[in-house]
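Understanding the architecture of this molecule
Chain residues, written in single-letter form:
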Number of protein chains: 2
Amino acid sequence: MTSEFSFHLLGRDRAARTGEIRMPRGTIRTPAFMPVGTAATVKGMYPEQVRQLGADVVLGNTYHLMLRPGAERVARLGGLHRFMNWPHPILTDSGGFQVMSLANLRKLTEEGVTFRSHIDGSKHVLSPERSVEIQNLLGSDIVMQLDECVSLPCEDKVAEKAMRLSLRWAERCKTAFGTQPGRALFGIVQGGIVPRLRVESARELAAMDLKGYAIGGLAVGEPQADMLATIEVVEPHLPQEKPRYLMGVGTPDDIVQAVCRGVDMFDCVMPTRAGRHGQIFTRFGRMNLKNARHAEDPRPIDPESSCPAANGYSRAYLHHLVKAEEMLGKMLLTCVNLAYYQELMAGLRAAIAEGRLADFVVQTREGWERGDPA
Amino acid sequence: MTSEFSFHLLGRDRAARTGEIRMPRGTIRTPAFMPVGTAATVKGMYPEQVRQLGADVVLGNTYHLMLRPGAERVARLGGLHRFMNWPHPILTDSGGFQVMSLANLRKLTEEGVTFRSHIDGSKHVLSPERSVEIQNLLGSDIVMQLDECVSLPCEDKVAEKAMRLSLRWAERCKTAFGTQPGRALFGIVQGGIVPRLRVESARELAAMDLKGYAIGGLAVGEPQADMLATIEVVEPHLPQEKPRYLMGVGTPDDIVQAVCRGVDMFDCVMPTRAGRHGQIFTRFGRMNLKNARHAEDPRPIDPESSCPAANGYSRAYLHHLVKAEEMLGKMLLTCVNLAYYQELMAGLRAAIAEGRLADFVVQTREGWERGDPA
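Residues numbered from 1 in each chain as written. Chains lettered and ligands numbered in written order. Predicted model: local features only at pLDDT ≥ 70, side-chain atom pairs only at ≥ 80, totals over all residues. Heavy atoms only, no water.

In this complex, chain A contributes 38 residues to the contact, which on the side of chain B involves 38 residues. Its largest share of buried area at the contact with chain B, chain A owes to Tyr-46, Glu-296 and Met-327 of chain A, together 20% of the area lost on that side. For the pair chain A and chain B, the interface holds six salt bridges. A salt bridge links Arg-73 of chain A to Glu-296 of chain B; its shortest N-O distance comes to 2.9 Å. Counting across the interface, chain A meets chain B through 16 residue pairs in polar contact (both at pLDDT 80 or more). For the side of chain A that touches chain B, the secondary structure elements donating two or more residues are helix H1 (47-52), helix H3 (71-76), helix H13 (315-323) and helix H14 (327-353) of chain A. Looking at the side of chain A that touches chain B, the element that brings in the most residues is H14 of chain A, giving six residues. Of the residues that constitute the side of chain A that touches chain B, the class distribution is 21 nonpolar, six polar and eleven charged. (Contact = heavy atoms within 4.5 Å. Buried area = accessible area lost by both parts, 1.4 Å probe. Salt bridge = Lys/Arg side-chain N within 4 Å of Asp/Glu carboxyl O. Polar contact = N/O pair within 3.5 Å; in protein donor to acceptor, adjacent residues only side chain to side chain. Helix = DSSP H or I, 4+ residues; strand = E, 2+ residues; numbered from the N terminus. Nonpolar A, V, L, I, M, F, W, Y, C, P; charged D, E, K, R; others polar.)

Right, dumping it as structure tokens:
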């Protein structure tokens with residue numbers, strides 16, 4: 001085991017990369033998908049299942065955890081890893097995105113953002129320094145800078161102001177984080193879908209020599225083409241030897257497209273949230289288990305999957321569980337989705353390492369389009 | 001494996017018994033606790049977990065299954081065992097109790113009961129013959145007769161009328177069930193808390209030579225003393241060489257007391273339902289994980305438990321999951337409770353076999369009363 005955070009590129013295929021992020025708590029194989037464990041749990045999953053399905057890292061949400069159970073409490077209990085029985089790497093976000101989408105009575109200033117909890121109305125302040133402090137208390141391995149994320153579409157002026165504020169906050173986060181060799185602080189590129197703003201943001205952050213860079217403010221409702229174009233604008237300005245993380249993305253196709261454009265890390269609630277609502281992602285594309293056509297189908301989701309939820313239960317049973325709103329339905333379909341996402345990432349990593357990414361992408365998309373063999 | 005349903009008494013301690021119910025799908029060690037799998041799933045549990053925690057048999061609810069997904073559909077899919085991935089024994093109730101507690105516009109006649117589904121308002125008929133037919137379609141190993149269960153307290157006349165109807169329905173169920181050597185039809189003793197009615201019911205059913213006998217109509221709100229007195233009245237009139245099943249019971253203490261009075265089988269939603277609401281049963285008595293005193297307690301529920309949910313997560317984390325209404329909290333606490341119930345049954349079986357039941361009961365109750373070591 002290493003005592004320092006480091007990133008190692010092991011292979012490339014055009015803009016796509018495969019590698020390893022090494023740190024004291026373990027290695028993240030990239031491209032990596034990080035299941036979202038908002039409130040110190042990947043919803044409906046035992047931590048050892050999340051691991052078995054292939055996750056090297058999970059994401060925790062600073063906003064939720066600071067409100068409940070509270071960062072100081074988690075620290076007194078030995079940190080987030082021990083608290084949630086996940087001894088492997090954890091990335092925490094800064095809390096900024098959820099403050100903007102969930103909290104009440106938000107007020108944003110140069111100093112930071114004040115808000116009231118959506119749970120109990122209590123008042124809180126989140127500044128760059130406090131965000132880093134909370135993430136230090138949680139003990140996450142990868143810490144995200146506090147940023148301001150604007151909703152799209154927005155005026156260029158608004159995107160520019162938020163991007164510049166995010167740069168100043170990045171500096172303050174860097175100072176607050178200090179030198180911690182075993183952990184990493186990532187900066188976040190902002191700038192809406194305005195190329196010159198994105199380039200400026202990426203260049204300024206690159207100059208700060210942070211350990212990794214995220215692309216934020218995407219997957220907030222804009223067309224996929226805008227998202228991909230923005231990645232293409234940003235990518236050349238991010239250092240090759242640092243990991244790149246596309247925040248909050250996305251569908252399997254979003255991920256495949258972004259990997260082809262040089263992104264290394266992803267997180268998204270989609271596989272877990274969709275699973276709780278009867279929607280699954282498979283080699284054959286999407287399926288909705290609520291659909292009546294599954295009611296008497298004795299076949300498993302995918303007999304070739306290594307996931308017991310996908311190969312060991314009939315679609316008829318899963319349909320029944322979804323209709324009856326049984327917990328086991330949500331549990332099994334969340335497994336199915338996380339298994340498929342991790343299987344997709346493993347496929348991408350192998351294809352990049354072997355220089356056959358283009359073929360892999362064509363085959364993968366053909367599988368989705370061909371649909372489920374009847 | 002045997003091809004016939006049979007019961008073997010292996011040990012006694014005063015009125016208490018331990019034995020094995022053997023049948024083609026497996027052996028039920030008695031005294032046995034049957035987790036409730038209402039809608040073809042023990043809520044929040046993977047079937048293999050239910051098994052690992054020590055269950056030899058689960059209970060399915062005919063009322064729920066006939067409405068959704070439907071008995072004919074389950075039969076077309078290969079039966080309930082295959083449907084729910086539980087290859088071990090299953091007992092199904094008759095549906096009568098849930099019709100009375102859940103369905104709308106119930107109308108009871110000599111023929112049976114008509115009602116409307118609480119799910120979609122559709123009209124259904126449940127007669128003794130249809131109840132057996134549904135349970136045959138589900139393919140359960142132990143089939144319960146349709147009975148009329150009155151709510152307590154009630155007038156003797158009402159209890160008497162329901163008991164007599166239940167006897168006539170037992171005869172009709174016996175005829176409908178016919179000869180099925182690998183499966184069993186159990187009769188149900190009724191008669192409220194009126195000793196002469198209970199005795200008459202038990203004697204008449206015993207004369208029918210069914211493969212097992214349940215005591216029904218208890219644990220419906222009456223004091224524990226009334227329940228235990230009724231068991232004591234009934235027990236001498238039940239054949240020693242047949243298993244006895246106390247329906248819908250109960251707390252750990254109810255079970256211990258009933259075992260001491262000669263009961264062999266139990267089912268109850270208590271461990272699963274309580275678990276979903278943050279309540280647990282342990283060697284140290286009951287605990288409510290919602291209670292603020294657990295908020296920073298780093299200890300597991302019970303380090304000596306063999307159940308990972310009880311020995312591997314801090315109380316602080318479980319408290320957090322319960323407060324945040326996370327699925328994992330319900331999943332883990334359901335495990336904790338089913339593990340304790342099965343551990344208690346194993347303890348009772350061993351104590352009876354070794355002739356030390358009285359000591360076991362004293363020690364068990366002392367543990368509950370001593371409470372949690374601080």
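The extent of an interface is frequently quoted as the accessible surface area lost upon association of the parts. All names here are of chain A. Examined at the domain level, chain A breaks down into domain 1 (6-267) and domain 2 (275-356). Relative to domain 2, the C-alpha centre of domain 1 lies at a distance of 27 Å. Between domain 1 and domain 2, the contact holds 27 residues from the first and 21 residues from the second. It is Phe-33, Leu-53 and Pro-252 that lose the most area in domain 1 upon contact with domain 2, and together they represent 29% of the buried surface on that side. Connecting domain 1 to domain 2 are zero salt bridges. In this structure, the connection of domain 1 to domain 2 is made through four residue pairs in polar contact (both at pLDDT 80 or more). (Domains from an automatic or database assignment.)

This paragraph deals with the packing of H14 of chain A against helix H15 (residues 357-370) of chain A. Residues and elements named next belong to chain A. Where H14 meets H15, the closest approach of the two axes is 8 Å, and the angle between their N-to-C directions is 150°. By the angle between their axes, H14 is roughly antiparallel relative to H15. Counting all contacts with H14, which are made through Tyr-340, Leu-344, Gly-347, Leu-348, Ala-351 and Ile-352, the residues of H15 involved are Leu-357, Phe-360, Thr-364 and Trp-368. (Axes fitted to C-alpha atoms, helices over the stretch in contact; angles between N-to-C directions. Parallel < 35°, antiparallel > 145°, perpendicular 65-115°, else oblique.)

A separate point is the sheet that holds strand E11 (residues 184-189) of chain B. All names here are of chain B. In space, the eight strands of this open sheet follow the order E4-E14-E13-E12-E11-E10-E6-E5, with parallel pairing throughout. Every interior strand has two partners, whereas the edge strands, strand E4 (32-35) and strand E5 (58-60), have only one. Here the average twist between neighbouring strands, direction ignored, is 25°. Pairing analysis gives three bridges linking strand E12 (residues 212-215) to strand E13 (residues 244-246), with the strands arranged parallel. If you follow Tyr-213 over to E13, its bridge partner there is Arg-244. (Pairing = 2+ DSSP bridges.)

For these two chains of identical sequence, chain A goes onto chain B by a turn of 180° and a shift of 0.0 Å along the axis, with RMSD 0.0 Å. Both copies of the chain, as the preceding transformation shows, are related through a two-fold rotation axis. In terms of C-alpha distance to the rotation axis, chain A has Met-327 of chain A as its closest residue, with the C-alpha 3.8 Å off the axis. Of all interface residues in chain A, 100% are interface residues in chain B too; the two copies therefore contact each other through one and the same surface. (Least-squares fit on C-alpha atoms with pLDDT ≥ 70 in both.)

Ranked by size, the top nonpolar core spans 202 residues in total, and within it Leu-246 and Phe-266 of chain A together with Leu-246 and Phe-266 of chain B carry the most contacts. Leu-246 of chain B has contacts with Ile-215, Leu-218, Met-227, Ile-231, Ala-258, Val-263, Met-265, Phe-266 and Asp-267 of chain B, leaving out every residue within four places of it along the chain. (Core = buried A, V, L, I, M, F, W, Y, C linked by side-chain atoms within 4.5 Å. Buried < 20%, exposed > 50% of the residue type's maximum accessible area, 1.4 Å probe, protein only.)

This part takes up the packing of aromatic side chains. Scanning all chains against the criterion turns up twelve aromatic pairs over all chains. Pairing Phe-5 of chain A with Phe-186 of chain A gives two aromatic rings, centres 6.3 Å apart and planes at 85°, and the pair type is edge-to-face. With a gap of 181 residues between them, Phe-5 of chain A in the segment before strand E1 (6-13) and Phe-186 of chain A in strand E11 (residues 184-189) connect regions that are remote in the sequence. Judged by its relative accessible area of 8%, Phe-5 of chain A falls in the buried class. With a relative accessible area of 0%, Phe-186 of chain A lands in the buried category. Seen in terms of ring centroids, Tyr-313 of chain B and Tyr-317 of chain B are 6.0 Å apart; in terms of plane orientation they differ by 10°. Their pairing is stacked. Ring-pair connections join several aromatic residues into one group, and the members of that group are Phe-33, Phe-281 and Tyr-341 of chain A. (Phe/Tyr/Trp six-rings, centres within 6.5 Å; stacked < 30°, edge-to-face > 60°.)

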